[in-house]
Amino acid sequence: MRSRRGLSHTHAGSIHAADATMALRNARDVYTRRGEGSSIWVVPASAITASSPDEKDPFFDPAADKVYRHPTFYDIPDEVRNL
Amino acid sequence: MTEVEVRTACALRLGDDGLVLSHRLAEWASRAPELEEDVALTNIALDLLGQARTLLTHAGGLEGRGRDENDLAYLREERDFVNCLLVEQENGDFGSTIARQLLWSTYQLGLLEELTRSTDSTLAAVAAKAVKEVAYHRDHALQWTLRLGDGTEESHRRMQAGLDRMWPFTAELFERDGVTAEAVALGIGPDPDGLRPGWDAAVDAVLTEATLRRPADTWAPTGGRRGLHTERFGHLLAEMQHLHRSHPGARW
């Protein structure tokens, strides 16, 4: 779901449907009741390759102690608003 | 009839259609075949209820007897309602409900497109907003008609049965009477005859693609616009009006 132009799509939830056309409509009915969206993508669950909880350590731990990857060592001029 | 009386009658008819169909669709809440459909049908019901509220408020104002939307919805008797017979028909199974939705929303969409040019500015404004809502209602019914009609043997059988059951009540939609004649003369609403070819073509196209048979025009029950309703309508009103009549003026 994309809430408005210029932003990325973010995950809204899961739905059941017989095919892609109905999935798009079901997503519209279930997830845009309060004006949340301006664009919807639907993806069949079978097309998603996800990381496994078992792989959590090798996948994500190595990034935990590398503070120099964060932009915390730069002085950011006050005039720069969106960085 | 005076011009105000014609405008009142037009608003009341369309308002009652929306109110009654909204109630029928709301009966699916928690009972639809799947959660997604539960939400879809009640979304449609809420769209129709929103249209009905504006239309009944408008009718009450024109009438000038001090009745608001609640008085008109909850305190009228069965004979006072002027909705068509199609919208009050019981839901039956999902196929029947989809058949009713297809036949009704195709008609309503054609009607609203004409009403956007109504000389009654409130009717025109309601129509302009509702066109978008009803285009989605029709798409929802169309998608399901295709899938049920051209689905399994069982879904095809049920969809055809639902269509056969609802079909006779569509004749009334195109009926002409004093109100429609006056409405045409005053530029308030369209001639029902003019809506027929578009409706026929749209419905036929869907039925053909869905491998369904267009039912024969056999009997044509009528009377809704004069307050003569089918047997189960009284039960619908009893349920719809019970709370308001038991607790007059009840608020959330």
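Residues numbered from 1 in each chain as written. Chains lettered and ligands numbered in written order. Predicted model: local features only at pLDDT ≥ 70, side-chain atom pairs only at ≥ 80, totals over all residues.

**Topic: the overall build of chain B**
Move 1: Along the backbone of chain B there are 10 helices and 0 strands.
Move 2: Counting helices and strands in the order they occur from the N terminus, chain B gives α-α-α-α-α-α-α-α-α-α.
Move 3: A compact globule built from 252 residues should have a C-alpha radius of gyration of about 18 Å, and chain B, at 18 Å, falls within 12% of that.
Move 4: Relative to its full complement of 252 residues, chain B shows a buried share of 44%.
Move 5: Sequence separation of 24 or more characterises 74% of the internal contacts of chain B that already satisfy a separation of 6 or more. (Helix = DSSP H or I, 4+ residues; strand = E, 2+ residues; numbered from the N terminus. Rg over C-alpha atoms; globule rule 2.2 N^0.38 Å. Buried ≥ 20, exposed ≤ 12 C-beta atoms within 10 Å, placed from the backbone. Contact = placed C-beta atoms within 7 Å.)

**Things to note about the overall build of chain A**
Move 1: Assigned secondary structure in chain A consists of 2 helices and 0 strands.
Move 2: In terms of overall size, chain A is more extended than a compact globule, its C-alpha atoms giving a radius of gyration of 19 Å where 83 residues would be expected to give roughly 12 Å.
Move 3: For the C-alpha atoms alone, the extent of chain A along its principal axes is close to 50 × 40 × 15 Å.
Move 4: Per-residue burial over chain A gives 8% buried out of 83 residues.
Move 5: For chain A, the share of sequence-separated contacts (at least 6 apart) that also reach a separation of at least 24 residues comes to 38%.

**Here we look at the interface of chain B and chain A**
Move 1: Taken together, the contact between chain B and chain A spans 8 residues of the former and 11 residues of the latter.
Move 2: Those elements that place two or more of their residues in the side of chain B that touches chain A are helix 2 (35–63) and helix 6 (121–149) of chain B.
Move 3: The leading source of residues in the side of chain B that touches chain A is helix 2 of chain B, at 4 residues.
Move 4: Taken together, the residues of the side of chain B that touches chain A sort by class into 2 nonpolar, 3 polar and 3 charged. (Nonpolar A, V, L, I, M, F, W, Y, C, P; charged D, E, K, R; others polar.)

**Some details on the confidence of the model for chain B**
Move 1: With 100% of its residues at a pLDDT of 70 or more, chain B has an overall mean of 97.
Move 2: Taken together, the chains of this predicted complex give a pTM of 0.90 and an interface ipTM of 0.80. (pLDDT = per-residue confidence, 0-100.)

**Let's talk about helix 7 (residues 153–166) of chain B**
All names here are of chain B.
Move 1: Between its first and last C-alpha atoms helix 7 spans 20 Å; for 14 residues at 1.5 Å apiece the expected length is 20 Å, and the two agree.
Move 2: For helix 7, the full list of buried residues reads Arg158, Met159, Gln160, Gly162, Leu163 and Met166.
Move 3: Elements that come into contact with the buried residues of helix 7 comprise helix 4 (85–88), helix 5 (94–115) and helix 6. (Expected span 1.5 Å × (residues − 1).)

**Digging into the nonpolar core**
Residues and elements named next belong to chain B.
Move 1: Within the largest apolar cluster, 61 residues are counted, with the highest numbers of intra-cluster contacts made by Cys10, Ala11, Leu86 and Leu103.
Move 2: Examining the composition of this core, we find that 11 residues originate from one element, helix 5, more than from any other.
Move 3: In this structure Leu86 touches Arg100, Leu103, Trp104, Met166, Phe169, Thr170, Glu172 and Leu173, once residues within four positions along its chain are discounted. (Core = buried A, V, L, I, M, F, W, Y, C linked by C-beta atoms within 7 Å.)

**Section: the packing of helix 6 of chain B against helix 7 of chain B**
Residue and element names in this part refer to chain B.
Move 1: Here helix 6 crosses helix 7 at 125°, and the two axes come no closer than 7 Å. The angle between the axes of helix 6 and helix 7 places the two elements in the oblique class. Along its contact with helix 6, which presents Thr145, Leu148 and Gly149, the element helix 7 presents Ser155, His156, Arg158 and Met159.
Move 2: Tallied by class, residues from the contact of helix 6 with helix 7 come to 2 nonpolar, 4 polar and 1 charged. (Axes fitted to C-alpha atoms, helices over the stretch in contact; angles between N-to-C directions. Parallel < 35°, antiparallel > 145°, perpendicular 65-115°, else oblique.)

**Notes on unusual backbone geometry**
All names here are of chain B.
Move 1: One non-glycine residue, Ser30, lies in positive phi territory at about 75°.
Move 2: With respect to the helices, strands and loops of the structure, Ser30 is situated in the loop between helix 1 (3–26) and helix 2.
Move 3: A residue is classified by how many C-beta atoms lie within 10 Å of it, and Ser30, with 8 of them, is exposed.
Move 4: In this structure, Thr211 takes a positive phi of about 55° despite not being glycine.

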